[in-house]
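One-letter residues, chain by chain:
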Amino acid sequence: MVSNFNRLEIIDYFKGLAIIMIIVCHITQVFDIPSPLSSMSSFGRMGCQIFFLLSGFTITMSFDKSCSKLMDFYKKRWLGLAPGYWLSILITVILSAVTILITGKNQLGTSLKFEGIIVNMLLLNGLVPTDANNLIFRGGWFVGTLTILYLIYPFLHKGERKYGNPFLYGCIVSSMLISAALFLLTDKVYSSCGDFLYFSFINQLSPFVLGILLYRNVEQGKYDKLKSFVFFILSVLCFFYPVPFRAVIVPFFFSLSVFYLLKVLWDKKLPIRSLLCHFGELSFPIFLLHIVFP
């Protein structure tokens, strides 16, 4: 059996890796980086999929241990997301207003629409396909999507407890098919990411559910490094080349590669483990702060 301490340590390790990937991606979006380097660093946005995967894992661990009451579960999730997100929105709005007063233009490029701010304060921006989803606070789409995934988690848990892993497999397949249909209907079959359909909880459900599966099956069987490598290569190829439905395929393939990688490296002594674990412990505050400063 793997101790809970080691479980949390390895989760923090990958959270640290994920937040560094995201920071590198966003830095290249802000500064003028040569094209080949900026193209490669853009893959860092997949750190969000690592977070969704790890969220599915940790939320299952937490729910099994201490959340017998549904409202207690939601309260804990709300306290984990809302206060920091509210502070970040406040800072962003103030900075935007200051730049308008000084230069006559919102240098942050964010939206100051009142209704959008309210939707974000309620953490419901993941349900709104407008600029409220990601322009009130850059990166706010992640918080909105994660909120919805947390809201539906108890129902995923109930289905998984009743029907087992086949229920979770069905959720993954269904979410990918629905998401593919939405991309097809909106004529965005070759879309990569950056719009509401990609950000939506339906499209990001597969990494989250894979995280639940990871928690349920992490101590069972032998895990193939080759599988992790193959799925990673597939996700990279689909990310950089305009294959049909890549916006649906990439989150699944990449998360599946991380799924196997986590299991392969579970008991390994990983390099720079301590540093990345520290980053992982503070990953959400770092995520909020790094968005504001660029």
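Above this text is the structure in question.
The structure displayed is predicted, hence computed values, not measured ones. (Residues numbered from 1 in each chain as written. Predicted model: local features only at pLDDT ≥ 70, side-chain atom pairs only at ≥ 80, totals over all residues. Heavy atoms only, no water.)

### Observations concerning the pattern of salt bridges
Item 1. Under the defined criterion, the tally for this structure stands at 4 salt bridges.
Item 2. Note that arginine 161 is salt-bridged to glutamate 160, the shortest N-O span being 3.1 Å.
Item 3. Residue lysine 188 is joined to aspartate 195 by a salt bridge in which the shortest nitrogen-to-oxygen separation is 3.3 Å.
Item 4. Since its relative accessible area comes to 34%, lysine 188 is described here as partly exposed.
Item 5. Salt bridges here are not isolated pairs; linked through shared partners, they connect Glu160, Arg161 and Arg216. (Salt bridge = Lys/Arg side-chain N within 4 Å of Asp/Glu carboxyl O. Buried < 20%, exposed > 50% of the residue type's maximum accessible area, 1.4 Å probe, protein only.)

### Details of unusual backbone geometry
The bulk of non-glycine residues show a negative phi, and the bulk of peptide bonds are trans.
Item 1. In the Ramachandran plot, leucine 123 falls in the positive-phi region, its phi being about 60 degrees despite a non-glycine side chain.
Item 2. The residue leucine 123 is located in the loop between α5 (114-121) and α6 (140-163) in this model.
Item 3. On the accessibility criterion, leucine 123 (3% relative accessible area) is buried.
Item 4. Phi at aspartate 187 takes a positive value of approximately 60 degrees, unusual for a residue other than glycine.
Item 5. Tracing the backbone through its elements, the reader meets aspartate 187 in the loop between α7 (165-185) and α8 (196-199). (Helix = DSSP H or I, 4+ residues; strand = E, 2+ residues; numbered from the N terminus.)

### What about α5?
Item 1. Those residues of α5 lying buried are Gly116, Ile117 and Asn120. The buried residues of α5 occupy one face: seen down the axis, they fall within an arc of 100 degrees. Facing away from the buried side of α5 by more than 90 degrees, the exposed set consists of Phe114 and Glu115.
Item 2. Where α5 is buried, its residues touch α4 (70-103). (Arc of directions from axis to C-beta. Contact = heavy atoms within 4.5 Å.)

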